[in-house]
Every structure is written in structure tokens, then in C-alpha cells.
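Spelled out from the first residue to the last, the chains are:
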Amino acid sequence: MTIVINMREKLDERKLRVAARLIREGKLVAFPTETVYGLGADALNEKAVKRIFEAKGRPADNPLIVHIADFSQVYELAREVPEEAKMLAKKFWPGPLTIVLPRREIVPDVTTGGLDTVAIRMPKNEIALKLIKLSGRPIAAPSANISGKPSPTTAEHVVDDFYGKIECIIDGGETKIGVESTVIDLTEWPPVLLRPGGLPLEEIEKVIGEVRIHPAVFGKKVDVAKSPGMKYKHYAPDAEVIVVEGPKEKVRRKIAELVEELKKKGKRVGVIGSESYNADEFFYLGETVEEVARNLFKALRYMDKAKVDIVLAEGVEEKGLGLAVMNRLRKAAGYKIIKVD
Ligand code: TXA
Ligand code: MG
């Protein structure tokens, strides 16, 4: 049975205590963060963490992010905490940044996918922070979607994927950022960006200097992935997705053309972007890149429900949140990209 707790209007501490007790008992609780919803369990409880992998259908070598509510918890999880980690945490936590550090033995293999490192983040969401505090445990939480589906940005998305399969879903309304956290590996020098996300890379570089972008971020094939998550196709809707990239006006013209062509062939066409063209289905993403990030996964889920054959997506510039947006879009497209210039 799944309890759904509505906390859209305000945080309810009494109800959060119930959810926190479930975490302590080794149960699964989905909760909102500022990025996307997480599927949480006690990070130090092997059995509980195993159930996350089962529920999601997630490959066992894809490690989880451990969520904390107080910086001191970093020392319980990591055996080395470099100065850069402290600087980044001071500036960006709570917030959409995940830091990879050498792990301590206390963190079970299931949580780290057998790696000698642990990914840690302090989310910027009152419900999440309070849940972690009340449970008294670090909480392992991947995005609360079935593996391969777009990450959830509303509790309804979580209900769609997990109702009846987990013990509790906390509804905290729509998430603010809409793409997952930025993941940075500080076990190497220079540090490596493993996943672009809700915190722009430019902001990180202002604090710790140059960061190397892992080639997998741009879809390059990797043999031994540092972050095994990189090798899996993610965020994929059921329909075929094509990203059209280039200068705005040319992208628009190309999409308009493609819509007509595909419709003539009898295809049901969806468009996600800034205008509807003449498509059968359209999801407006917004003007600013922040709005685009917030709406992206919702748009992909919408297109699944709308049962279109093909989705055409407008590319955006790869700066600020645009790096994360393009990374997710290209993955959703399985790197089917049309470049116009
Ligand atoms: O915003 C987020 O990060 C959300 C919310 C719930 O906090 N969580 C999330 O988790 O996106 P997940 O599991 O969907 O993505 C975690 C990513 C994966 O790409 C995984 O490979 C990487 O972080 N990761 C986790 N632990 C790692 C480690 N020890 N070393 C390298 N990469 C790691
Ligand atoms: Mg995920």
C-alpha cells in the first residue's frame, strides 16, 4: 500500500514524522527536492537500498546519491573532504550540486554500486531537509522514475510510476528546477563534471577554477565509466525524439518543414519548444532557459501520454542551465540530432 501525503500548501511536521519513521524502518519514501522527486531509503540500510534498485528496475552498478541535511554528515560518509568540497558546499548547499568523494566503509556497496566513492548532496527543499533530519539517517535517493523514463517533477509523475510499489509518496507540488543536480567528482584533479544539472558549471568554476567536462556529457562512448549512470540511455519517452540544433530562426524553419513532411507520411507529430508550428501535439517549454529546464521532463512525459510517433525538440544554447537541458534532450533522442547552420 502507498500512502500519499499532500504537503503542497505547507509542511506538516506530524505527517513528516510518519514518513521519517518509514525511512528508519527500511521502507521507501518518495519526496520532493528542488530538482526532481527522489525515491528515498536509508542509505546505510543495504536491504532498503536494494529495494530502490528493484522498484526502479535500475542496473546494480549505477550508484545512488546520498542526501544529507547537515554538513557534518559529510564526515560520516566520506573519508577525505578536500578544501574544494567545503568551498562548494558553503556556497551552493543546500542546492542542486552533488559532490563525489572517497567513501567510508559505513556506506554499503549497494548504495555506491560497488565504487570506492560516494556522491553526496544537500537538497534545497524544506520537506526533504526535514525528512532527512527527522529520520536521523542519510537518505539515498535516485530520481523517482522507473529506469529509462523521464525524471519526475510532480508527485503525479511518481504516482504514475510507483503507486502500489512503495510505502509513501510526499506531494510537495511541482519542483522548482526541473532537471537533476550537477554531479562533480572531486576525487580527481582537476575536478570532473560527470553530469551537468541544476547548478551551472560556470558558477562552480567561479569557486574552484577550471573543471574538466567528462566526454560522456556530450554523448561520447566511454569504456569504464567513472559514473556508470552515464552509459545508460535515460529520460527516454516511448516516441522517437529528434533534436534540432542551430541558430534559433533556422531551427524554427527546419522544424516547420519537418512537421509538414512527417504529417504527409501519416505520422502523428509532437513538438516541444517555443511555438506550435502545425504539429498534432505541442508542449510549450517557455522563454528562458530556466523555464525550459523546469518544463522539459513534463513535456517528455506529456508526449508519451499523447501517443505521438515522433517528437521534434528545439535545441537551446549550451550555457548556464542550457548545458543540462541539451544533455537531457540528446539522451532522450538517443543522440538523433539534426544540425542546421
Ligand atoms: O537532483 C538529483 O540529483 C536527484 C534528486 C532526487 O536529488 N537525484 C538523481 O539521482 O538524479 P539519480 O540516481 O537519478 O542520478 C544520480 C547520478 C547518476 O548519474 C549516477 O551515476 C551518479 O549520480 N553517481 C552517483 N554516485 C556516484 C559516484 N559515487 N560516482 C560517480 N557518479 C555517481
Ligand atoms: Mg535518474
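The sections below set out a description of the structure shown in this document. No experiment lies behind these values; they were computed from the predicted model shown.

**Overview of helix 10 (residues 289–305)**
For helix 10, which comprises 17 residues, the first-to-last C-alpha distance of 24 Å matches the rise-based estimate of 24 Å (1.5 Å per residue) to within 8%. The sharpest bend along helix 10 comes to roughly 40°, located at Asn295. Looking at helix 10, one finds that the buried residues are Val292, Ala293, Asn295, Leu296, Phe297, Ala299, Leu300, Arg301, Met303 and Asp304. Positive backbone phi, at 50°, marks Lys307, one or two positions downstream of helix 10.

**Thoughts on unusual backbone geometry**
Following Trp93, the chain continues into Pro94 via a peptide bond in cis, with omega recorded as -10°. Tracing the sequence through the fold places Pro94 in the loop between helix 4 (83–92) and strand 5 (97–102). Across the junction of Trp189 and Pro190, the peptide omega takes the value -5°, indicating a cis bond. As for its position among the elements, Pro190 is in the loop between strand 9 (182–185) and strand 10 (192–195). With a phi close to 55°, Tyr277 is a non-glycine residue in the positive phi region. Among the secondary structure elements, Tyr277 is positioned in the loop between strand 13 (269–273) and strand 14 (281–284). Exposure remark for Tyr277: the relative accessible area of 16% places this residue in the buried category. Although it is not a glycine, Tyr335 adopts a positive phi angle of roughly 65°. For Tyr335, the position within the fold is in the loop between helix 11 (322–332) and strand 16 (337–339).

**A few points about the sheet that holds strand 16**
The sheet built from five strands is open, its strands ordered 14-13-15-12-16 with parallel pairing. Sheet topology places strand 14 and strand 16 at the edges, where each strand pairs with a single neighbour. This sheet shows a mean twist of 20° between the axes of neighbouring strands, independent of strand direction. Strands in contact with helix 9 (residues 248–264) are strand 12 (240–245), strand 13, strand 15 (310–314) and strand 16; relative to strand 15, the strand with the most contacts, it is inclined by about 170°. On top of the sheet, helix 11 reaches strand 12, strand 13, strand 15 and strand 16; it is set at about 140° to strand 12, its chief contact.

Cut-offs and rules
Residues numbered from 1 in each chain as written. Chains lettered and ligands numbered in written order. Predicted model: local features only at pLDDT ≥ 70, side-chain atom pairs only at ≥ 80, totals over all residues. Heavy atoms only, no water. Helix = DSSP H or I, 4+ residues; strand = E, 2+ residues; numbered from the N terminus. Expected span 1.5 Å × (residues − 1). Bend = angle between axes of the 7 residues up to and from the residue. Buried < 20%, exposed > 50% of the residue type's maximum accessible area, 1.4 Å probe, protein only. Pairing = 2+ DSSP bridges. Axes fitted to C-alpha atoms, helices over the stretch in contact; angles between N-to-C directions. Contact = heavy atoms within 4.5 Å.

By themselves these figures say nothing about function.
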